[in-house]
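Commentary on secondary and tertiary structure
This is what each chain is made of:
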Amino acid sequence: MVILLVGAGLSGAVIGRQLAEAGHDCRIIDARPHIAGNCHTERDADTSVMMHVYGPHIFHTDDEAVWNYVNDFATFMPFQNRVKTTTQGAVYSLPINLLTINQFFGQTMRPDEARSFVASKADTTITDPRTFEEQALRFVGPEMYRAFFKGYTEKQWGCSPTELPASILKRLPVRFNYDDNYFFHRFQGMPQDGYTAMVQAILDHPRITVELDTPYTPDMGEKADHVFWSGSLDSYFDYRLGRLGYRTLDFERFDYQGDYQGCAVMNYGDPEVPYTRITEHKHFSPWETHDGSVCYREFSRLAEPGDTPYYPIRLVEEKALLADYVQMARDTRGVTFVGRLGTYRYLDMDVTIREALDTAQTFLAQSAEGQPMPAFVADPS
Ligand code: UDP
């Protein structure tokens, strides 16, 4: 069979690799001039720092099979994400942990004391937090909500946290010990030569061809036995019902001689600071030494046509439109929608890879039985 995969990011590469190994010819196209989608990395010509071109990507997972998979294609270096935040005139440790709580309230509490103290701040009348704000008020109380979450979230999402789902905040833990590792997964690391080299290795198979700078045209789909679409779901249908909303990011680059901020990610919680965070890319490769440094100030805004989509917004309005596109997709034969854009979800890299592996397996099982491939393997609703 000839398979067309639209998008040479993690979804397209992993599905392509699995199907190529099963004996299918895979044509992978991407409209951009590089592979690896938004986890694309490249060395800066001036400083030789490995740049996370579309913002920071830190690999973390509890899925051992996914961890083993990526380790087959890249050497992973130990890396722990230790994020700091500047807010209300001080620097604190994130995610909120015992150091953050003690410093913020000028206390020297032990874990149980801090737990009771924070519980006393929490709004216990909120029994079933639905919104981001309710979740924050329920678990950290109003002072820390304002300092760490409210301003940052308004900048990141361009709306009030009362309009956002609680699930966004659930990504972040609150810890009553001094563990400041942002992620709580068994496996965490950074590919030594960057994500693009890893994706290149995944794509390196005699049955895979990759064409860059190649936007999709319908005749390509007609020539293929099946299409895996990792572009945005609404773009497949030429935005016929309207556009699904995304936040996009603008990066304002600045160079520095030496160490600008002493860590990879510094968030800014104050609403008066227009950017959400500054990333200093050489700290994503702590095993390397560079005199020069490259930083990005990161600004978030609503994506306009032509902008790179990053975060699906998924508020009530978008979800209604999404449901209509999902129905259209289910009525379309021969195309499976995959990945962050294809299923309009806020996906981490490990989940993207897990779903790509499952999608390839489903495809092989369905075709062995002569059954049609569904439009979605992962539920986008
Ligand atoms: N968040 C916040 N303050 C912070 C960091 C995160 O309020 O200092 C909120 C914000 O709404 C963000 C969400 O928590 O969108 C999830 O944060 P995460 O660090 O997972 O975001 P990502 O790195 O994926 O942009």
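Everything here concerns the structure above.
Here the structure is a predicted model, which is why all the values come from computation and not from measurement.

A few words on the nonpolar core. In terms of nonpolar packing, the biggest core is built from 108 residues, with L233 and F337 touching the most fellow members. Those residues in contact with F337 that sit more than four places away from it in its chain are W229, L233, Y236, F237, A329, G342, T343, A375 and F376. One finds F254, M266, V273 and I278 within the second-largest nonpolar core, a separate group that totals nine residues.

Turning to the site of the ligand, a few remarks are in order. Looking at the ligand, there are 16 residues lining it, with R171, Y182, N267, Y311 and Y346 nearest. Coverage of the ligand by the protein chains reaches 92% of its 520 Å² of free accessible surface.

Turning to the packing of helix α5 (residues 132–139) against helix α6 (residues 141–157), a few remarks are in order. Where α5 meets α6, the closest approach of the two axes is 8 Å, and the angle between their N-to-C directions is 150°. On the basis of the axis angle, α5 is roughly antiparallel to α6. Our pair here, α5 against α6, has a crossing hand that is right-handed. Contacts between α5 and α6 involve F132, E133, A136, L137 and F139 from the former and G141, P142, Y145, F149, K150 and T153 from the latter. Here the residues of the contact of α5 with α6 sort into seven nonpolar, two polar and two charged.

The mixed open sheet is built from seven strands, whose spatial order is β8-β7-β13-β14-β15-β12-β16. Edge positions in the open sheet fall to β8 (90–93) and β16 (311–312), since each of these has one partner strand only. Bridge count for strand β7 (residues 84–87) against β8 is four bridges, and the pairing is antiparallel. Looking across to β8, one finds that K84 is bridged to S93.

Attention shifts here to the packing of aromatic side chains. Counted by the stated rule, this structure contains 32 aromatic pairs. Look at F132 and F149: their rings are 6.3 Å apart centre to centre, the planes differ by 80°, and that puts the pair in the edge-to-face class. You can see F132 sitting in helix α5 and its partner F149 sitting in helix α6, a full 17 residues away along the chain. Each member of the pair F132 and F149 is classed as buried. Where F251 meets Y310, the ring centres are 6.3 Å apart and the plane angle is 75°; that geometry is what we call edge-to-face.

Now for the sheet that holds strand β17 (residues 335–337). Taken in spatial order, the five strands make up an open sheet running β10-β2-β1-β11-β17, and their pairing is parallel. Edge strands, defined here as strands with exactly one partner in the open sheet, are β10 (208–211) and β17. With direction set aside, neighbouring strand axes in the sheet form an average angle of 20°. In the sheet, strand β2 (residues 25–29) pairs with β10 via four bridges, with the strands oriented parallel.

Another aspect to go through is the pairing of strand β13 (residues 265–268). The side-chain alternation of β13 yields two buried faces, one formed by V265 and N267 and the other by M266 and Y268. As paired elements, β7 and β13 share three bridges and run parallel to each other. Note that in β13 the partner of T86 across the bridge is Y268. By the bridge criterion, three bridges tie β13 to strand β14 (residues 277–280) in an arrangement that is antiparallel. Its bridge partner being in β14, V265 is matched across the sheet by T279.

This paragraph deals with the environment of A166. In this structure, A166 sits in helix α7 (residues 166–169). Considering only alpha carbons, one finds A166 and D128, 38 residues apart in sequence, at a separation of 9.8 Å. Residues contacting A166, with those up to four places away along its chain left out, are P129, R130, T131, F132 and Q135.

What counts and how
Along every chain, residues carry numbers that run from 1 in the direction the sequence is written. With pLDDT at 70 or above as the cut-off, local features in this predicted model cover only qualifying residues; side-chain atom pairs require 80 or more to be listed or tallied, and sums for whole chains, interfaces and linings still use all residues. Side-chain measures here rest on the full set of heavy atoms in the structure, leaving out hydrogens and waters. We call a set of buried Ala, Val, Leu, Ile, Met, Phe, Trp, Tyr and Cys residues a nonpolar core when their side-chain atoms join them within 4.5 Å. Buried, partly exposed and exposed residues are distinguished by accessible area as a fraction of the type maximum, computed with a 1.4 Å probe on protein chains only: under 20%, between the cut-offs, and over 50%, respectively. Only heavy atoms enter the contact rule, under which two residues are in contact if any of them lie within 4.5 Å. For this purpose, a residue is taken to be near a molecule or strand whenever a single non-hydrogen atom of the residue falls within 4 Å of it. Methods summary: accessible areas were calculated by the Shrake-Rupley approach with a probe of 1.4 Å, and residue burial reflects only the protein chains presented. Note on method: axes are straight lines fitted to C-alpha atoms, helices fitted across the in-contact stretch only, with angles between N-to-C directions ranging 0 to 180 degrees. Elements are defined by DSSP. Helices are runs of H or I of four residues or more, strands are runs of E of two residues or more, and each kind is numbered from the N terminus. Should an angle lie under 35 degrees it is considered roughly parallel, over 145 roughly antiparallel, and from 65 to 115 roughly perpendicular; all remaining angles are considered oblique. We call a crossing left-handed when the near helix sits turned anticlockwise from the far one by less than a right angle, and right-handed when that turn is clockwise. Under the scheme applied here, ten amino acids are nonpolar (Ala, Val, Leu, Ile, Met, Phe, Trp, Tyr, Cys and Pro), four are charged (Asp, Glu, Lys and Arg), and all others, including Gly, are polar. Being paired, for any two strands, means DSSP has found at least two bridges between them. Here a pair means two rings of Phe, Tyr or Trp (six-membered ring of Trp) with centres within 6.5 Å. Their orientation is stacked below 30 degrees between planes, edge-to-face above 60, and tilted elsewhere.

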